[in-house]
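Here's the letter readout for the chains.
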Amino acid sequence: MLSHRALVVLLIFGSLPVEAQPIDGWVAHANFSGSQSMVTIGTDLWVGTTGGLYHRAGSGEYERYDLSLHQSDVRALAYDPRQEALWLGFADGVLTRMSLETGEMASFFDIRRASQFPTRSITSLRWYDGTIIVATAFGIVVVDAQRGDVIASYTRMADLPPATAVIDVTIAQDSIFVLTGFGVASASLVENLNLQDPLSWSQAPVPAQGDARRLAYHAGTIYVGTSEDLFRYNRSARVYEPLGIGGHGVVSSCGVYDGLSYVQANWFTVALSSSGQATIVPTQEAGEDLQTCAIDETGVLWIGDAAAGISAYDLGRQSFLVKQSYPDGPSMGPFGRLEWHQGGGLAAGSAVGVATLQADGQWVNLLRSEVQGINGSFFRALAFHDGAWWMGSEGGGVM
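Trainee: I would appreciate a short explanation of the overall build of the protein chain in the present structure.
Mentor: Scanning the protein chain for helices and strands turns up 0 helices and 36 strands. Among the 399 residues that make up the protein chain, the fraction classed as buried is 51%. Surface summary for the protein chain: the accessible area is close to 18000 Å², and the carbon and sulfur share equals 47%.

Trainee: Just checking my understanding: could you explain the sheet that holds strand E22 (residues 239-242) for this structure?
Mentor: By way of backbone hydrogen bonds, the strands of a sheet pair with one another, either parallel or antiparallel. Spatially, 4 strands are ordered E19-E20-E21-E22 in an open sheet, and the strand pairing comes out antiparallel. What marks the edges here is a single partner per strand, and that holds for strand E19 (212-218) and E22. Sheet twist, expressed as the mean angle between neighbouring strand axes with direction ignored, is 30°.

Trainee: Sorry if this is basic, but what is going on with the confidence of the model for the protein chain here?
Mentor: Regions with low pLDDT should not have their predicted coordinates read in detail. The predicted model of the protein chain has a mean per-residue pLDDT of 86, with 82% of residues at 70 or higher. Overall, residues 1-23 carries pLDDT values under 50, and its contacts beyond four positions in sequence, including any with other chains, amount to 56 contacts.

Trainee: Help me understand the sheet that holds strand E28 (residues 300-305) in this model?
Mentor: Reading across from one edge, E27-E28-E29-E30 is the order of the 4 strands in this open sheet, with antiparallel pairing throughout. Where the open sheet ends on each side, the last strands, each with one partner, are strand E27 (290-295) and strand E30 (319-325). Geometrically, the sheet is characterised by an average inter-axis angle of 15° between neighbouring strands, direction not taken into account. As paired elements, strand E29 (residues 310-314) and E30 share 4 bridges and run antiparallel to each other. Along E30, the bridge assignment pairs Tyr313 with Phe320.

Trainee: What is the right way to look at the packing of aromatic side chains in this model?
Mentor: The description of two aromatic rings rests on the distance between their centres and on the angle between their planes. Scanning all chains against the criterion turns up 8 aromatic pairs. Judged by centre distance (4.4 Å) and plane angle (25°), the rings of Phe177 and Tyr217 are stacked. Residue Phe177 is found in strand E16 (residues 175-180), and its partner Tyr217 is found in strand E19; the two are separated by 40 residues along the sequence. There is no split in this pair, since Phe177 and Tyr217 are both buried.

Trainee: What exactly am I supposed to notice about the pattern of salt bridges here?
Mentor: Oppositely charged side chains may form a pair once their charged atoms are brought near each other. One pass over the full model with this rule turns up 9 salt bridges. The residue Asp73 makes a salt bridge to Arg75 at a minimum N-O spacing of 3.1 Å. For Arg75, a relative accessible area of 33% translates into the label partly exposed. Between Arg147 and Asp144 there is a salt bridge whose closest N-O contact spans 3.2 Å. Its relative accessible area of 48% is what places Arg147 among the partly exposed residues.

Trainee: Explain the state of the cysteines to me, please; I cannot follow it from the model alone.
Mentor: Overall, the coordinates contain 1 disulfide when judged by the stated rule. For Cys254, the disulfide goes to Cys293, at an S-S distance of 2.0 Å. Taking the torsion about the S-S bond as the criterion, the Cys254 to Cys293 disulfide, at about -95°, is left-handed. One end of the pair, Cys254, is in strand E23 (residues 250-257); the other, Cys293, is in strand E27, with 39 residues separating them in the sequence. Cys293 matches Cys254 in its accessibility class, with the two residues each being buried.

Trainee: How should the nonpolar core be read in this particular structure?
Mentor: Buried together is how nonpolar side chains tend to be arranged in soluble globular proteins. Membership of the largest hydrophobic core comes to 18 residues, with the highest contact counts inside it found for Ile140, Tyr154, Met157, Ile176, Val178 and Trp201. Every element with two or more residues in this core is listed here: strand E12 (131-136), strand E13 (139-144), strand E14 (150-154), strand E15 (166-172), E16 and strand E17 (184-188). Leave out the neighbours within four places in its chain, and Met157 touches Ile140, Val166, Val178, Ala185, Pro198, Trp201 and Gln203. The next biggest cluster of nonpolar side chains, apart from the first, holds 16 residues, and it includes Leu95, Ala114, Phe117 and Ala145.

Trainee: Quick question: what am I supposed to make of the environment of Gln209 here?
Mentor: Looking at where Gln209 falls in the secondary structure, it is placed in the loop between strand E18 (202-204) and E19. With sequence-adjacent residues up to four places away left out, Gln209 is seen in contact with Thr226, Glu228 and Phe231.

Trainee: I tried to follow the pairing of E22 on my own but got confused; where do I start?
Mentor: Working note: regular strand, side chains alternate between the two faces of the sheet. Examined bridge by bridge, strand E21 (residues 230-234) and E22 share 4 bridges and lie antiparallel to one another. Counted as the bridge partner of Tyr233 is Tyr240 from E22. Hairpin connection, E21 to E22: the antiparallel pair is bridged by 4 residues, and Arg238 has positive phi, about 55°.

Trainee: What exactly am I supposed to notice about the pairing of strand E20 (residues 221-226) here?
Mentor: Most of E20 sits out of view: 6 of its 6 residues are buried. Judged by which residues are buried, E20 turns out to be covered on both faces: Thr221, Tyr223 and Gly225 on one side and Ile222, Val224 and Thr226 on the other are all buried. Hairpin connection of E19 to E20: 2 residues between the antiparallel strands, including Ala219 at a positive phi of 50°. Across 3 bridges, E20 lies against E21 in antiparallel orientation. Counted as the bridge partner of Tyr223 is Arg232 from E21. Between E20 and E21, which pair antiparallel one after the other, the connecting turn spans 3 residues.

Procedures and definitions
Along each chain, residue indices are assigned from 1 in the same order as the chain's sequence is written. Local features in this predicted model are restricted to residues of pLDDT 70 or higher, and side-chain atom pairs are both shown and tallied only at a pLDDT of 80 or more, whereas totals for entire chains, interfaces and linings draw on every residue. The basis for every side-chain value is the complete set of non-hydrogen atoms in the structure, without hydrogens or water. We count a stretch as a helix when DSSP gives it H or I for four or more residues in a row; a strand needs E for two or more, and each element gets its number in order from the N terminus. Each residue is assigned to one of three classes by its accessible area relative to the maximum for its type, calculated with a 1.4 Å probe on protein chains only: buried under 20%, partly exposed between the two thresholds, exposed over 50%. Methods summary: accessible areas were calculated by the Shrake-Rupley approach with a probe of 1.4 Å, and residue burial reflects only the protein chains presented. At least two bridges found by DSSP between two strands is the condition for calling them paired. Here an angle of 0 to 180 degrees is reported between the N-to-C directions of two axes, which are lines fitted to C-alpha atoms, with helices fitted over the stretch in contact. Each residue carries a pLDDT score, the predictor's confidence in it, ranging from 0 to 100. Should any heavy atoms of two residues lie within 4.5 Å, those residues are counted as being in contact. Under the pairing criterion, centres of Phe, Tyr and Trp rings, with the six-membered ring standing for Trp, must be within 6.5 Å; the plane angle then separates stacked pairs below 30 degrees from edge-to-face pairs above 60, leaving the rest tilted. Salt bridges are identified by distance alone: a Lys or Arg side-chain nitrogen within 4 Å of an Asp or Glu carboxyl oxygen. Criterion for a disulfide: a pair of cysteine sulfur atoms at a distance within 2.5 Å. Put simply, buried Ala, Val, Leu, Ile, Met, Phe, Trp, Tyr and Cys residues joined by side-chain atoms within 4.5 Å make one nonpolar core.

Written out as C-alpha cells, the structure is:
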C-alpha cells in the first residue's frame, strides 16, 4: 500500500505521439528525499524513506524500490549476514525480508496480527545470531531470520509497565538494551535466562530532561539521547550526566569507527571516546533536520535528512564526499493538483512547492522557500503557456 503523501503515481507512455500512446502499466515516482532509516553493507548504502526503499551502490548509482514493497513508509532496516538479506520494518507491524542476491521479497504478518495490542508499529530492527530483534509499540519481538516465525516476545521487562512501547534497541557484548519512555531494560543473551520473566531483566532510569529518543552503548557505558541533550549513565550513582551538546536533540546512533562511537543530533554529529568525552563533528551541511546515520566499512559517515536526502562525510579526512543527494523524483508532497502538457511534461502542486516532470524524464523541484514573496501553497492553480508553467499561490502571487 503506497502512501499518497509520499509519491505521485503516473501512467508511463511509449514514444508514439500522445494521441496513440499505449498504456504499459504503473510506475511510481516516489519522494525519496526524506530519510527515516539506513544501513550500510560494505560500501553500499540502503535507505528507508517515506516514499520507499533505495540502494546507493559504492559507485554512486541509485536503485529504487517502491511499488514492490508492502508499504512505501519504511521505518526500520537491518542487515542479515547469514541470509544475505535486508529486513524492513513498517508502521503496521509487517516485516519484509529481501534477498540481496535475487531481490525476492517475503513479508511476515505475525506482529501485525497481534490484535491484543492497539498499536503494532515497528520502530527499530537489529540482527543477532540468526534472529531479528524487533522493537515494537508493545515490547520486543524475536523473529527467526531463516523461517520468519516469531520465536519469543518480551512484553514485561523488569519493573516497566506491561506492553511498554520500545523507542530503540541495541545489542552489545551479547546483551540487549531496550529504551522506553519509562526506563532502560537490559539482559544477557547468553546466560540461558528466561527473558519472558521480568526478573531476568535489569532496569535503569531515563534522563529527566527531554523525551528519550535513541540509545547507544559504548565502552561499557549506556548513553541516551533525548530531545534536549545527550546523557551518559553513571551506573554507580544511578544518575545521568549531560554531555552538553548545546540543547540539540539526538535522533540516531550511527555506529563505531576507529574506537569512537558516533551519534547524530539534529544539526551535527557527536563522537564519543571510550572515556565518555564528546566531540562535535561539523556535519551541519548535510541538512537542516538530520534524522538518521550509518558508518560504512571505509569510515564514511552517511547522514540522512528529513527532506534533503543523504550526505557522506569522510571521518578520516573530515570532509564531505556527497552533499544532499537522493534518487531523481519529486522532493515534496502530498499533491493536490496534477497538470499534463501535451508536448510532454507534468506539474504537481503541493503545499510546499511544485514538482515538474520534464519531457526528458527528469524531475525539477521548486520549493516555496526558494521563491521570494510567495507564501501560500500551490495545490490548485497550474497551467502551461508559451513554454512555461504558471503557478498560482493560495497565499497570493503567481510564478
